[in-house]
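Architecture and fold: a report
What follows is each chain in one-letter form.
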Amino acid sequence: MPTTRSLLLAAALSVLTSSAQAADADTTPAVVASIKPIHSLVAGVMEGVGEPMLIVQGAGSPHTYRMKPSEAAALQSADVVFWAGAYLEAFLVKPLATLGAKAKSVELVDAPGVERLPLREGGAFEADAHEDETASEAAHEDDGGTFDTHVWLDPVNAKAMVGAIEATLAATDPAHAETYAANADKLEARLDGLIATIEADLAGVKGRPYIVFHDAYQYFERRFAMPAAGSITVSPETPPGARRITELQAKVKAVGATCVFAEPQFEPALVDVVIEGTEAKAGVLDPEGAALKDGPELYFELIGNLAASLKDCLS
């Protein structure tokens, strides 16, 4: 039988352990991430320490998103906010300047080592003259509009983003710096493995022409040598006009496109119209993980699913 003294000692140790854990938890910063792919990388670096809050949840698109009161409250209490940048996530610019003014704001398009590709224009990627000119002009109002902000679709860029996430969290929360560093090392090794896997998976379908819903994939295309023949629309929030649809139908036939891809956040009927009267098949590409459960594994599932969708439709 345990003595009264031993029971008291065990109870005291339990209280001390709980107090130490609570004190340790108090050092964990309140972290917010804008979209699922970025949230996934942040969650991976924070694993074992805490969980970041995700703003654009479910099938929401940063191109058209409106913040909820609960998300605004999270932004107001945040210590760090990770986001892609002002051009992709214009809905966050004003809230960050007001609600999130005290938080450290990290635009990951500016992370050291991230390669930024210019927006594609001309030919198959030129906006329809009948599309909303205001939207087209807005895309070029500042420096953010001169490059493609879908940087996470290149896993090499994701590695650079992981480095920036780890450095920011370690500076904000030195007590857990070793954990952040170990997690970042693990993520970078997994990203190297992901690149090798995708290269092998796509080897048999390289060179087959396809058209995407909007021009979001050039980082993936360039990394894995899978160039698209064009896009249905340049700005996904601006539907293409009748002239653009006619041009795309001709393009599909001219290049012998095997597939035309929709996206889960936007109206798939457009793809059916574009492929009508052609030999092309319809597929789905999801550049932001709309249908995936958020968390550390989402990024790897997202890139893997892009490759699987391309392989399945182009085979």
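About the criteria used
Residues numbered from 1 in each chain as written. Predicted model: local features only at pLDDT ≥ 70, side-chain atom pairs only at ≥ 80, totals over all residues. Heavy atoms only, no water. Helix = DSSP H or I, 4+ residues; strand = E, 2+ residues; numbered from the N terminus. Buried < 20%, exposed > 50% of the residue type's maximum accessible area, 1.4 Å probe, protein only. Contact = heavy atoms within 4.5 Å. Areas by Shrake-Rupley, 256 points an atom, 1.4 Å probe, with all protein chains shown as cover. Pairing = 2+ DSSP bridges. Axes fitted to C-alpha atoms, helices over the stretch in contact; angles between N-to-C directions. pLDDT = per-residue confidence, 0-100. Phe/Tyr/Trp six-rings, centres within 6.5 Å; stacked < 30°, edge-to-face > 60°. Disulfide = S-S within 2.5 Å.

1. Regarding the overall build of the protein chain
- Of regular secondary structure, the protein chain possesses eleven helices and eight strands.
- Among the 315 residues that make up the protein chain, the fraction classed as buried is 48%.
- A sequence separation of at least 24 residues applies to 68% of the contacts in the protein chain between residues at least 6 apart.
- Carbon together with sulfur atoms contributes 55% to the accessible area of the protein chain, which is approximately 14,400 Å² in total.

2. Remarks on the sheet that holds strand β6 (residues 230-233)
- Read from one edge of the open sheet, four strands run β6-β5-β7-β8, paired in parallel fashion. The two strands at the open ends of the sheet, each matched to only one other strand, are β6 and β8 (281-284). Within the sheet, the average angular offset between the axes of one strand and its neighbour, ignoring direction, is 30 degrees.
- Contacts from helix α9 (residues 242-255) reach β5 (210-214), β6 and β7 (259-262) within the one sheet, and its direction differs from that of β6 by about 155 degrees.

3. A word on the confidence of the model for the protein chain
- Here the protein chain averages 84 in pLDDT, and 83% of its residues register 70 or above.
- In the predicted structure, residues 15-25 sits below a pLDDT of 50 and forms one contact with residues beyond four places in sequence or in another chain.

4. Some words on the packing of aromatic side chains
- One pass over the full model with this rule turns up four aromatic pairs.
- Taking the centre distance of 4.8 Å and the plane angle of 55 degrees together, the rings of F220 and F224 count as tilted. In this pair, F220 and F224 both sit in helix α8 (residues 218-224), four residues apart, roughly one turn of the helix.
- Owing to a relative accessible area of 2%, F220 belongs among the buried residues under this scheme.
- You can call F224 buried: its relative accessible area is 1%.
- Look at Y299 and F300: their rings are 6.0 Å apart centre to centre, the planes differ by 90 degrees, and that puts the pair in the edge-to-face class.

5. Structural notes on the environment of A33
- Relative to the helices and strands, A33 resides in strand β1 (residues 31-33).
- Taking relative accessible area as the criterion, A33 reaches 0% and is therefore assigned buried.
- Sequence separation between A33 and V56 is 23 residues, and the spatial gap between their C-alpha atoms is 8.5 Å.

6. As for the sheet that holds strand β4 (residues 104-107)
- Taken together, four strands build an open sheet; the order of strands is β2-β1-β3-β4 and the sheet is parallel. Here the strands that pair on one side only, and so sit at the sheet edges, are β2 (53-54) and β4.
- Note that β1 and strand β3 (residues 80-83) share three bridges and pair parallel. By the bridge assignment for β3, V32 is matched with V81.
- Packed on one face of the sheet, helix α2 (residues 36-46) meets β1, β2 and β3 and runs near 150 degrees to β1.
- Here helix α6 (residues 155-172) sits on the sheet and contacts β1, β3 and β4; the angle it forms with β3, its principal contact strand, is near 175 degrees.

7. A few points about the state of the cysteines
- Taken as a whole, this structure holds one disulfide when the rule is applied.
- At a sulfur-sulfur separation of 2.0 Å, the disulfide partner of C259 is C313. A torsion of -115 degrees about the S-S bond marks the disulfide between C259 and C313 as left-handed. Note that C259 is positioned in strand β7 and C313 in helix α11 (residues 298-314), a separation of 54 residues in sequence. Side by side, C259 and C313 carry an identical accessibility label, which is buried.

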